[in-house]
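What follows is each chain in one-letter form.
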Amino acid sequence: MNAFIRIEESPTRATDGFSLSPLLDTGLEPVFWVPKRLGASSYWWGHVPFAHWLVAALHPQVIVELGTFNGVSFSAFCEAMRRLHIPGRCYAVDTWADAEHYGMVDDSIFLDLGDFCRNEFGGIAELVRTTFDEALVNFSDGSIDLLHIDGPHSYEGVKAEFEKWLPKMSRQGVMLFHDINLRETGFGVWKLWDELKGQYPHFELLHANGLGIVAVGSSVPEAITHLQALPSAQMYKLRERFALIGAHWEALDRHRRKS
C-alpha cells in the first residue's frame, strides 16, 4: 500500500466532470477505516485516522505506548498493524492505577482493554502493567520504531520520558506527543514540543488537543518526512482534512459522554 500523501492544487477534470478517483486511492484507505474501539471515551479520537495512516506509512515492527488508559490510541495502532498484516508487536505501558487523573479505583478498565485486545488483535498486542521506568529494561536500544508518549503532561515529566526513551528508538524511529496544543495548568507538553521542533523533522496536528510527530531516526520513510516539506497552503489543507475526518469520531465520543 502506498501511503504517500499528495495534495493537488486543483482538481483533475474528467470527461464527465470532476474526477473522484483520488478518493479511491488505496493509500487513503486507512484514513477511512471504522475503528474497533468505539464506545471507549478518549480525547484521542480525533487522531485515530492519522494513526491508521501513520502505521501504513511507517510499517513499524515495534510500537510502544506510554500511557494508555482506555486504549483508543493503542487500539488504533494495533488495528492498523492487523489490517495491513504487518508482522510486528504493540506494547501498551501503563499502571492502570491513576486515581488522581482518571479515577481508576479498580481493575475494570485494564481488564476490559485486555479482553478487547485479546479478542481483536491476538498476539499483536501486549499490555505491560508497570511504570515507564521499569519498562525501559524490556526494550533494547534501537528497537522501537514508533513511540507514543501520552503519560506525563508536565514539561519536566514528558521531557524526562523523551530523554530516557530516545536511545530505544530505531533508525526509522518516530515519536508522537499528544496534547501539544493544550496550555492549561499542569500541561507542559507544548513547551517540550517547541524545543523539539528546532531539532528534528516534524509535523503537527492542532485539533483534539494537538498531536506532534517527530522523526528522531536517521532513515524515516519519505512519506513521513515529506509532511514537513509541504508548502504552507498544502500543510494547512492537510491538517484541516485530518481534523474534519477525526471530528466524526470525536462527535460520537461526545454523544456517548452525554448519554
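As shown above, the structure is provided for reference.
Cut-offs used in this document
- Residues numbered from 1 in each chain as written.
- Predicted model: local features only at pLDDT ≥ 70, side-chain atom pairs only at ≥ 80, totals over all residues.
- Heavy atoms only, no water.
- Pairing = 2+ DSSP bridges.
- Helix = DSSP H or I, 4+ residues; strand = E, 2+ residues; numbered from the N terminus.
- Axes fitted to C-alpha atoms, helices over the stretch in contact; angles between N-to-C directions.
- Contact = heavy atoms within 4.5 Å.
- Buried < 20%, exposed > 50% of the residue type's maximum accessible area, 1.4 Å probe, protein only.
- Polar contact = N/O pair within 3.5 Å; in protein donor to acceptor, adjacent residues only side chain to side chain.
- Phe/Tyr/Trp six-rings, centres within 6.5 Å; stacked < 30°, edge-to-face > 60°.
- Lys NZ or Arg CZ within 6 Å of the ring centre and 35° of its normal.
- Salt bridge = Lys/Arg side-chain N within 4 Å of Asp/Glu carboxyl O.
- Parallel < 35°, antiparallel > 145°, perpendicular 65-115°, else oblique.
- Nonpolar A, V, L, I, M, F, W, Y, C, P; charged D, E, K, R; others polar.
- Expected span 1.5 Å × (residues − 1).
- Arc of directions from axis to C-beta.

Caption draft 1: Structural view of the sheet that holds strand β8 (residues 202–205). The 7 strands are arranged β5-β4-β3-β6-β7-β9-β8 in an open sheet whose pairing can be described as mixed. Of all the strands in the sheet, just β5 (125–129) and β8 have a single pairing partner and so form its edges. In this sheet, adjacent strand axes meet at a mean angle of 15° when their direction is disregarded. Looking at chain direction, strand β7 (residues 169–178) and strand β9 (residues 211–215) are connected through 5 bridges and run antiparallel. What sits directly across from V174, in β9, is A215.

Caption draft 2: Quick peek at the side chain of S42. Looking at the element boundaries, S42 is found in the loop between β2 (17–18) and α1 (48–58). Setting aside residues up to four positions removed in sequence, S42 forms contacts with V72, D253 and R257.

Caption draft 3: Representation of the side chain of K168. One can find K168 in the loop between α6 (155–165) and β7. Note on K168: relative accessible area 12%, which makes it buried. Polar contacts involving the side chain of K168 include one to the side chain of D141, which spans 3.3 Å. Setting aside anything within four residues of it in sequence, one finds K168 in contact with L136, F139, S140, D141, G142, S143 and I144.

Caption draft 4: Quick look at the packing of aromatic side chains. Applying the stated rule across the entire model yields 11 aromatic pairs. Ring centres of W96 and F110 lie 5.1 Å apart, and the angle between their planes is 55°; on these two criteria the pair is classed as tilted. Here W96 is found in the loop between β4 (89–94) and α3 (99–102), whereas its partner F110 is found in helix α4 (residues 108–121), with 14 residues between them in sequence. The class for F110 is buried, based on a relative accessible area of 19%. Look at F162 and Y200: their rings are 6.3 Å apart centre to centre, the planes differ by 75°, and that puts the pair in the edge-to-face class. Placement of the pair is F162 in helix α6 and Y200 in the loop between α7 (189–196) and β8, with a sequence separation of 38 residues. Taken as a pair, F162 and Y200 share a single burial class, namely buried. One residue, R183, lies across the ring of W190, its end atom 4.1 Å from the ring centre. Stacked on the ring of Y155, the Lys or Arg K191 has its end atom at 4.5 Å from the ring centre.

Caption draft 5: Fine view of the environment of K164. Tracing the backbone through its elements, the reader meets K164 in helix α6. Its relative accessible area of 33% is what places K164 among the partly exposed residues. Sequence-distant contacts of K164, defined by excluding residues within four places in its chain, comprise D133 and L136.

Caption draft 6: Examining the pattern of salt bridges more closely. This model, assessed by the stated rule, comprises 11 salt bridges. A salt bridge links K168 to D141; its shortest N-O distance comes to 3.3 Å. One end of the pair, K168, is in the loop between α6 and β7; the other, D141, is in the loop between α5 (132–135) and β6 (144–149), and 27 residues separate them in sequence. When its relative accessible area of 56% is taken as the criterion, D141 is described as exposed. K197 is the salt-bridge partner of D194, the closest N and O atoms lying 3.6 Å from each other. A relative accessible area of 28% places K197 in the partly exposed class. The structure contains a network of salt bridges with shared partners spanning R183, D194, K197, E204 and R239.

Caption draft 7: Representation of the packing of α6 against α7. Packing of α6 against α7 leaves a shortest axis separation of 7 Å and a crossing angle of 45°. By the angle between their axes, α6 is oblique relative to α7. Contacts between α6 and α7 involve Y155, V158, K159 and F162 from the first element and V189, K191, L192, E195 and L196 from the second. Looking at the contact of α6 with α7 residue by residue, the classes come out as 6 nonpolar, no polar and 3 charged.

Caption draft 8: Representation of α4. Its 14 residues place the ends of α4 19 Å apart at the C-alpha level, agreeing with the 20 Å of an ideal helix rising 1.5 Å per residue. Listing the buried residues of α4 in full gives I109, F110, L113, G114, F116, C117 and F121. Relative to the axis of α4, the buried residues are bounded by an arc of 165° and lie together on one face. When the buried face of α4 is taken as reference, the exposed residues oriented beyond 90 degrees from it are R118 and N119. On its buried side, α4 packs onto α2 (72–83) and β5.

Scope: geometric values only; no functional claims are made or implied.
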